[in-house]
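# Observations on the model geometry
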Amino acid sequence: MAKLTEKQKRFADYYIETGNATESAKRAGYSPKTARVIGQENLLKPAIKSYIDERLKEMDEKRIMKAEEVMQLLTAIARNEVTEDVVVFNEGMTAIEQKGMSAKDRLKALELIGKRYAMWTEKQQVENITPVFLEDVPEDDN
């Protein structure tokens, strides 16, 4: 990837933040008079576009769970390794306690894991059946 100038990098970072090319150009230090044109030109430059795409991809990878992470969390819930804060009322006082997940939540996690591995579907074996077409059926002479 081509090296970006400091101003181009600032523009790209502001563009990721705002989604507005003109505003990003102004905030990056370009002249307010030419910010609209410069902003649009910068978005067409392959190096800047590539930088923006790469940064957005990195952000998505951090923000969005992958299948492995989902399965790890479901497993931790099913094994009661995850706790949640619960408000408890005692003699006019309230307190927050850490408690394990409810049996309902643990069963739901187990159900989702089972669905992932197709554990709950009935497998039916279908025999090879040769279809008989009406044209192939011999006619009776009666």
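Scroll up for the structure.
Residues numbered from 1 in each chain as written. Predicted model: local features only at pLDDT ≥ 70, side-chain atom pairs only at ≥ 80, totals over all residues. Heavy atoms only, no water.

## Looking at the packing of helix 1 (residues 6–18) against helix 4 (residues 46–63)
Helix 4 packs onto helix 1 with a crossing angle of 45° between their chain directions and a minimal axis gap of 10 Å. The orientation of helix 1 with respect to helix 4, classified from their angle, is oblique. Helix 1 and helix 4 meet at a crossing whose hand is right-handed. Judged by residue contacts, Q8, K9, F11, A12, D13, Y15 and I16 of helix 1 engage I48, Y51, I52, R55, L56 and M59 from helix 4. Considered class by class, the residues forming the contact of helix 1 with helix 4 number 9 nonpolar, 1 polar and 3 charged. (Axes fitted to C-alpha atoms, helices over the stretch in contact; angles between N-to-C directions. Helix = DSSP H or I, 4+ residues; strand = E, 2+ residues; numbered from the N terminus. Parallel < 35°, antiparallel > 145°, perpendicular 65-115°, else oblique. Left-handed = near helix turned anticlockwise from the far one by under 90°. Contact = heavy atoms within 4.5 Å. Nonpolar A, V, L, I, M, F, W, Y, C, P; charged D, E, K, R; others polar.)

## Considering the packing of aromatic side chains
Going through the model one piece at a time under the given rule, you end up with 1 aromatic pair. Where F11 meets Y15, the ring centres are 6.2 Å apart and the plane angle is 20°; that geometry is what we call stacked. Of the two residues, F11 and Y15 are both situated in helix 1; the distance of 4 residues between them amounts to about one turn of the helix. Taking the relative accessible area as the measure of exposure, Y15 reaches 22% and is therefore partly exposed. Lying over the aromatic face of Y30, K7 brings its terminal NZ or CZ to 4.8 Å of the ring centre. Here the basic side chain of R116 rests over the ring of Y117, its NZ or CZ set 5.0 Å away from the ring centre. (Phe/Tyr/Trp six-rings, centres within 6.5 Å; stacked < 30°, edge-to-face > 60°. Buried < 20%, exposed > 50% of the residue type's maximum accessible area, 1.4 Å probe, protein only. Lys NZ or Arg CZ within 6 Å of the ring centre and 35° of its normal.)

Without other data, these values stay purely geometric and don't point to any function.
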